[in-house]
Amino acid sequence: MADSAQAQELVYLVTGGCGFLGEHVVRMLLQQEPRLRELRIFDLHLGPWLEELKTGPVQVTAIQGDVTQAHEVAAAVAGAHVVIHTAGLVDVFGRASPETIHAVNVQGTKNVIEACVQTGTQFLVYTSSMEVVGPNIKGHPFYRGNEDTPYEAAHRHPYPRSKALAEQLVLEANGRKVRGGQPLVTCALRPTGIYGEGHQIMRDLYHQGLRLGGRLFRAIPASVEHGRVYVGNVAWMHVLVARELQERAALMGGQVYFCYDKSPYKSYEDFNMEFLGPCGLRLVGTRPLLPYWLLMILAVLNALLQWLLRPLLLYAPLLNPYTLAMANTTFTVSTDKAQRHFGYEPLFSWEESRTRTVRWMQTMDSSAQ
Ligand SMILES: NC(=O)C1=CN([C@@H]2O[C@H](COP(=O)(O)OP(=O)(O)OC[C@H]3O[C@@H](n4cnc5c(N)ncnc54)[C@H](O)[C@@H]3O)[C@@H](O)[C@H]2O)C=CC1
Ligand SMILES: C[C@@H](CO)CCC[C@@H](C)[C@H]1CC[C@H]2[C@@H]3[C@H](O)CC4=CC(=O)CC[C@]4(C)[C@H]3CC[C@]12C
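Remember, it's a predicted structure, so these values are computed and weren't measured experimentally. (Residues numbered from 1 in each chain as written. Chains lettered and ligands numbered in written order. Predicted model: local features only at pLDDT ≥ 70, side-chain atom pairs only at ≥ 80, totals over all residues. Heavy atoms only, no water.)

Student: Where do I start with the site of ligand 1 in this structure?
Tutor: Close to ligand 1 lie 25 residues, the nearest being Leu21, Asp43, Asp66, Tyr159 and Lys163. Contacts to ligand 1 include Val67, whose backbone N or O atom sits 2.9 Å from a nitrogen atom. Here an oxygen atom of ligand 1 and a backbone polar atom of Thr86 are 3.0 Å apart. Starting from 810 Å² of accessible surface for ligand 1 in isolation, the protein chains cover 86%. Sorting the residues of the shell around ligand 1 by element identifies α1 (20–32), α5 (158–173) and β8 (193–195) as the ones contributing at least two each. Split into classes, the residues belonging to the shell around ligand 1 amount to eleven nonpolar, eleven polar and three charged. (Near = heavy atom within 4 Å. Polar contact = N/O pair within 3.5 Å; in protein donor to acceptor, adjacent residues only side chain to side chain. Areas by Shrake-Rupley, 256 points an atom, 1.4 Å probe, with all protein chains shown as cover. Helix = DSSP H or I, 4+ residues; strand = E, 2+ residues; numbered from the N terminus. Nonpolar A, V, L, I, M, F, W, Y, C, P; charged D, E, K, R; others polar.)

The following block contains the structure:
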């Protein structure tokens, strides 16, 4: 909890503070930001776990609201020193319409920027995504790339398109004068695929494995590498950026940083087995059991079924042409920009990240029985 020796003067707002990443950011701020006076948590759906935070030394204010509603955002932002904008619609499965994804991710971000300008909030940290860069649907590998690596980013899918537009808005807003005359200082963090306690896809894969008799079947070649990042380290980087942005505005303002740690590069499926394995699941096959062309046909059939069934029910399986292309394209990041600019080092080692994630999965396992 906050060190009472330092003056508690700052007000932070975390949008999307009840999501997978947002909850970790909220908890990390309470542990690692001794200057916090008030922590505002803004989300469409507030979690019951917020109640336990309200008994600590920092004033925790839960605000149920919608980022697409400019007046709700402005009311939440007014008086905050720093905004960490993690709220977003993460959907690559066709659950939401492209219009809704745009409204939440792009218009929502516009509303956050305008609220900072109107109310005089000077520091804005935006959770972007590696998807702003790629993988692209042409399957070009991004191998150990950094923030300056050239890559053909062609966004056809609504989610990466929306994240790219929102990131651009945030970066362009750097330097705008906010109420009171100070310049707005913004910065965007691009996590790769996040894992850790609370990861919904990991939960779904675990249950899918149980239904299949403790097995999952390899669909992606082991040679296709993904860089993944532990949620605790993503949260830590947000907290550090928010702090250092106030000290190093000239260097960090308007910059993007990949969110990385020392998690090993592996295929999406092999990486997941680091956690699903200790929970008793097994990945069958050293090579994909089905050829790629057959998987693509299944993915296209899933997309077709989704479209046909839409008037009756929501059919949104994991496999569709976009997720197949994602899973099947190498995308690994290797950079030290965050280390150079603001001294970032992962707070959790790979071993610790794995242990924490496995422990969470095992708790889920025993509570399901
Ligand atoms: N999960 C991942 O692997 C990655 C996520 N990101 C980004 O990180 C951020 C957080 O993602 P997750 O925690 O994974 O997603 P999540 O879905 O768990 O959390 C998003 C939160 O935003 C809230 N939200 C959604 N629409 C809202 C609205 N209209 N108004 C207010 N709140 C709203 C949701 O209720 C939820 O609590 C997103 O911006 C996402 O694009 C970036 C890279 C990777
Ligand atoms: C074909 C299946 C066989 O097992 C595997 C399907 C896996 C996919 C569901 C995932 C593969 C890559 C993931 C995405 C990637 O990690 C980058 C992301 C960044 C974000 O900002 C949001 C989440 C995601 C799009 C992530 C979503 C799930 C995958 C597509």
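Student: Just checking my understanding: could you explain a nonpolar patch on the surface for this structure?
Tutor: Among the surface-exposed residues, Leu212, Phe217, Leu289, Leu290, Trp293, Ile297, Leu298, Leu301, Leu304, Trp307 and Leu308 lie close enough to one another that they form a single nonpolar patch of about 1,100 Å² accessible area. Residue contributions to the nonpolar patch peak at seven residues, all from helix α10 (residues 292–309). (Patch = residues over 30% accessible without salt bridge, like charges linked within 9 Å, V, L, I, M, F, W, Y side chains within 5 Å. Salt bridge = Lys/Arg side-chain N within 4 Å of Asp/Glu carboxyl O.)

Student: Would you take a moment to explain the UniProt feature "transmembrane region" (unreviewed entry) in the protein for this structure?
Tutor: In the UniProt entry, the feature "transmembrane region" (unreviewed entry) is given for residues 289–309. Split by type, residues 289–309 is 86% helix and 0% strand. Its first and last C-alpha atoms lie 28 Å apart. (UniProt positions renumbered as here; feature names shortened; annotations may be inferred.)

Student: Any chance you could explain the side chain of His24 here in plain terms?
Tutor: The topology assignment puts His24 in helix α1. The class for His24 is buried, based on a relative accessible area of 18%. When near neighbours in sequence (up to four residues on either side) are disregarded, His24 contacts Glu197, Val231 and Ala235. (Buried < 20%, exposed > 50% of the residue type's maximum accessible area, 1.4 Å probe, protein only. Contact = heavy atoms within 4.5 Å.)

Student: For this particular structure, what's the right way to read the environment of Val234?
Tutor: Topologically, Val234 is positioned in helix α7 (residues 231–245). For the pair Val234 and Arg218, spaced 16 residues apart in sequence, the C-alpha separation works out to 28 Å. If we skip the residues at most four places from it in the chain, Val234 touches Leu21, Pro191, Ile194, Val229 and Cys259.

Student: For this particular structure, what's the right way to read the nonpolar core?
Tutor: Soluble globular proteins tend to pack their nonpolar side chains together in the buried interior. Within the largest apolar cluster, 70 residues are counted, with the highest numbers of intra-cluster contacts made by Tyr12, Leu29, Leu39, Ile84, Met237, Phe342 and Met361. Setting aside its immediate chain neighbours within four residues, Leu29 contacts Tyr12, Val14, Leu36, Leu39, Ile84 and Val239. Listed in part, the 26 residues of the second largest apolar core include Leu13, Ala80, Cys116 and Val256. (Core = buried A, V, L, I, M, F, W, Y, C linked by side-chain atoms within 4.5 Å.)

Student: What's the story with the site of ligand 2 in this structure? I'm lost.
Tutor: The environment of ligand 2 is made up of 18 residues, and the closest members are Ser129, Glu131, Tyr159, Gly193 and Glu269. Contact distances for ligand 2 include 2.7 Å between an oxygen atom and a side-chain N or O atom of Tyr159. The side chain of Glu269 places a nitrogen or oxygen atom 2.8 Å from an oxygen atom of ligand 2. The set of elements that each furnish at least two residues to the shell around ligand 2 consists of α9 (268–276) and α11 (321–327). Top element by residues in the shell around ligand 2 is α11. It accounts for three residues. Tallied by class, the residues present in the shell around ligand 2 amount to twelve nonpolar, four polar and two charged.

Student: Looking at this structure, how should I read the sheet that holds strand β3 (residues 59–64)?
Tutor: The pairing of strands in a sheet happens through backbone hydrogen bonds and is either parallel or antiparallel. Spatially, β3-β2-β1-β4-β5-β7-β11 is the arrangement adopted by the seven strands of the open sheet, whose pairing is parallel. Edge positions in the sheet fall to β3 and β11 (255–259), since each has one partner strand and no second. Adjacent strand axes in the sheet meet at a mean angle of 15° when their direction is disregarded. Relative to strand β4 (residues 82–85), strand β1 (residues 10–15) runs parallel, the two being bridged by four bridges. Counterpart to Tyr12 in the pairing with β4 is Val82. Contacts from α5 reach β5 (123–127), β7 (185–191) and β11, with the element oriented near 150° to β7. (Pairing = 2+ DSSP bridges. Axes fitted to C-alpha atoms, helices over the stretch in contact; angles between N-to-C directions.)

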